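# Per-entry structural report
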Amino acid sequence: MAPTLSRRTRRIALLTHLVSSMSWLGLDLVLLALGVHAAADPAERHASYLVVVLLLDTLLVPLSLASIGSGLLLMRAGPWRFRRDRWATVKLVASVVALPLAWFALRPRAAQAVASTAPGADPGPLFATLYAPGPTLVIAPAVACALYLAAAALGVYKPWRAPTSGRHGPGRFRSNAVDSRSG
């Protein structure tokens, strides 16, 4: 049997998970705004890309690890389980995949964008293809925002949950169940 958390510890873990996960979404919204701004305003590109690199270097890993770690804690010792609550499993897998993609794919593109827009540099390859740093710094945060919004929706609606007779009694999750207390 899995260990359980006290009510206070579970609330702290849940709060940590919510704040870090929504902060991770907020980080990607800001990255998206900076990427769009840089694409639209060539005069401000270098400054925008410098901020992108700063945010990725300082916030990406702590926010993502806090989100993943608190999610794992809630799945291990909280009310949600890895196999039973498929919505939580999907959120976990998406987060675990998103972190290395952002760190090893997005971060180098941001560094390339900074180098391409530095004074005296040749910005030619910045928007040369769809996979060049410029478009990547718009597309990747847009995809990440969609992913984290979907994860938030999964956390709220909790689809794919197997029927259970947990603390609320049998049939709690059956849509056609009749509550005997309602008379």
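Here the structure is a predicted model, which is why all the values come from computation and not from measurement.

## Examining the packing of helix H1 (residues 7–40) against helix H3 (residues 86–117)
- Between H1 and H3, whose axes approach to 14 Å, the crossing angle comes to 40 degrees. When the axes of H1 and H3 are compared, the pair comes out oblique. For the crossing formed where H1 meets H3, the hand is left-handed. In contact with His17, Trp24 and Leu31 of H1, H3 contributes Lys91, Ser95, Ala98, Leu99 and Leu106.
- Residues that form the contact of H1 with H3 fall into these classes: five nonpolar, two polar and one charged.

## What to know about unusual backbone geometry
- You will see that lysine 158, though not glycine, has its phi angle at about 45 degrees, which is positive.
- Of note, lysine 158 is situated in the segment after helix H4 (133–157).

## Thoughts on the confidence of the model for the protein chain
- This prediction gives the protein chain a mean pLDDT of 88; 87% of its residues lie at or above 70.
- Confidence drops under a pLDDT of 50 for residues 168–183, and excluding neighbours within four residues, the segment shows eight contacts in the predicted structure.

## Here's the deal with the packing of aromatic side chains
- Evaluation of the coordinates by the stated rule reveals two aromatic pairs.
- Seen in terms of ring centroids, tryptophan 24 and tyrosine 148 are 4.7 Å apart; in terms of plane orientation they differ by 35 degrees. Their pairing is tilted. Of this pair, tryptophan 24 sits in helix H1 while tyrosine 148 is found in helix H4, placing the two residues 124 residues apart along the sequence.
- We classify tryptophan 24 as buried; its relative accessible area is 2%.
- Residue tyrosine 148 is classed as buried on the basis of its relative accessible area of 8%.
- With 5.9 Å between their ring centres and 80 degrees between their planes, tryptophan 80 and tryptophan 87 make a pair best called edge-to-face.
- If you follow lysine 158 out to its NZ or CZ, it ends over the ring of tryptophan 87, 5.1 Å from the centre.

## Concerning the side chain of serine 95
- Looking at the secondary structure, you find serine 95 in helix H3.
- The class of serine 95 is buried, set by a relative accessible area of 12%.
- Ignoring any residue separated from it by four or fewer positions in sequence, one finds serine 95 in contact with Trp24 and Ile68.

## Structural notes on H1
- For H1, with 34 residues, the first-to-last C-alpha span of 49 Å sits near the 50 Å given by 1.5 Å per residue.
- Along H1, the residues classified as buried are Ala13, His17, Ser20, Ser21, Trp24, Leu25, Leu27, Asp28, Leu31, Leu34, Gly35 and Ala38.

Rules used in this analysis
- Residues numbered from 1 in each chain as written.
- Predicted model: local features only at pLDDT ≥ 70, side-chain atom pairs only at ≥ 80, totals over all residues.
- Heavy atoms only, no water.
- Axes fitted to C-alpha atoms, helices over the stretch in contact; angles between N-to-C directions.
- Helix = DSSP H or I, 4+ residues; strand = E, 2+ residues; numbered from the N terminus.
- Parallel < 35°, antiparallel > 145°, perpendicular 65-115°, else oblique.
- Left-handed = near helix turned anticlockwise from the far one by under 90°.
- Contact = heavy atoms within 4.5 Å.
- Nonpolar A, V, L, I, M, F, W, Y, C, P; charged D, E, K, R; others polar.
- pLDDT = per-residue confidence, 0-100.
- Phe/Tyr/Trp six-rings, centres within 6.5 Å; stacked < 30°, edge-to-face > 60°.
- Buried < 20%, exposed > 50% of the residue type's maximum accessible area, 1.4 Å probe, protein only.
- Lys NZ or Arg CZ within 6 Å of the ring centre and 35° of its normal.
- Expected span 1.5 Å × (residues − 1).

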